[in-house]
Amino acid sequence: GSDDIIAGNVSKYIVLPAAYSGQPKKGHLVFDACFESGNLGRVDHITEFEYDLFIRPDTCNPRFRVWFNFTVENVKESQ
């Protein structure tokens, strides 16, 4: 599939809405997987409350995606 090209982890990736310009605000999520065993390869913003997350395959066996290991920061209480 199209997610087979995911090669590395996201690193402090700030997800902003498509039409937004300016500094990130509370609620603009920050995803990070740049640490040992992190495996988040891509994040797509769908709505304020919905994101598509693409997990990288396991290093030793690319057919499997066994765990989900990443952090999320800058959330609002209502999210």
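Residues numbered from 1 in each chain as written. Predicted model: local features only at pLDDT ≥ 70, side-chain atom pairs only at ≥ 80, totals over all residues. Heavy atoms only, no water.

- The name an unreviewed UniProt entry assigns to the protein is CBPC6 carboxypeptidase, from the organism Grallaria varia.
- Under Cofactor (unreviewed entry), UniProt gives the following word-for-word description of the protein: "Zn(2+)". (UniProt positions renumbered as here; feature names shortened; annotations may be inferred.)

1. Things to note about the pairing of strand β3 (residues 40–47)
And then number 1: Two strands pair when backbone bridges link them, and β3 and strand β4 (residues 50–55) are joined in this way by six bridges, in the antiparallel orientation. If you follow Asp 44 over to β4, its bridge partner there is Asp 52.
And then number 2: Here β3 hands over to β4 after two residues, the two strands then running antiparallel side by side. (Pairing = 2+ DSSP bridges. Helix = DSSP H or I, 4+ residues; strand = E, 2+ residues; numbered from the N terminus.)

2. Quick look at the environment of Pro 17
And then number 1: Among the structural elements, Pro 17 can be located in the loop between β1 (13–14) and β2 (30–32).
And then number 2: Spatially, the C-alpha atom of Pro 17 lies 8.3 Å from that of Ile 46, the residues being 29 residues apart in sequence.
And then number 3: For Pro 17, the residues in contact, after removing those within four places along its chain, are His 28 and His 45. (Contact = heavy atoms within 4.5 Å.)

3. Focus on the pattern of salt bridges
And then number 1: For the structure shown, the criterion picks out three salt bridges.
And then number 2: Note that Glu 73 is salt-bridged to Lys 12, the shortest N-O span being 3.0 Å. A residue pair is termed long-range when its members are at least 10 positions apart, and Glu 73 in strand β5 (residues 71–73) and Lys 12 in the segment before β1 qualify at 61 residues.
And then number 3: With a shortest N-O distance of 3.0 Å, Asp 44 and Arg 42 are connected by a salt bridge. (Salt bridge = Lys/Arg side-chain N within 4 Å of Asp/Glu carboxyl O.)

4. A look at the UniProt feature "domain: Cytosolic carboxypeptidase N-terminal" (unreviewed entry) in the protein
And then number 1: Those residues carrying the UniProt feature "domain: Cytosolic carboxypeptidase N-terminal" (unreviewed entry) are residues 32–77 in this numbering.
And then number 2: What you have in residues 32–77 is 0% helix and 39% strand, and the ends, taken at the C-alpha atoms, are 20 Å apart.

5. Notes on the packing of aromatic side chains
And then number 1: Evaluation of the coordinates by the stated rule reveals two aromatic pairs.
And then number 2: A centroid spacing of 6.3 Å and a plane angle of 45° characterise the contact between Phe 31 and Phe 70, whose relative ring orientation is tilted. Linking Phe 31 in strand β2 with Phe 70 in the loop between β4 and β5, this pair joins segments that are 39 residues apart in sequence.
And then number 3: A relative accessible area of 24% means that Phe 70 is categorised as partly exposed.
And then number 4: Note that Arg 42 overlies the ring of Phe 54, its terminal NZ or CZ placed 3.8 Å from the centroid. (Phe/Tyr/Trp six-rings, centres within 6.5 Å; stacked < 30°, edge-to-face > 60°. Buried < 20%, exposed > 50% of the residue type's maximum accessible area, 1.4 Å probe, protein only. Lys NZ or Arg CZ within 6 Å of the ring centre and 35° of its normal.)

6. Focus: a nonpolar patch on the surface
And then number 1: On the surface, Phe 64, Val 66 and Trp 67 cluster together into a nonpolar patch covering about 300 Å² of accessible area.
And then number 2: Looking at the element boundaries, Trp 67 is found in the loop between β4 and β5. (Patch = residues over 30% accessible without salt bridge, like charges linked within 9 Å, V, L, I, M, F, W, Y side chains within 5 Å. Areas by Shrake-Rupley, 256 points an atom, 1.4 Å probe, with all protein chains shown as cover.)

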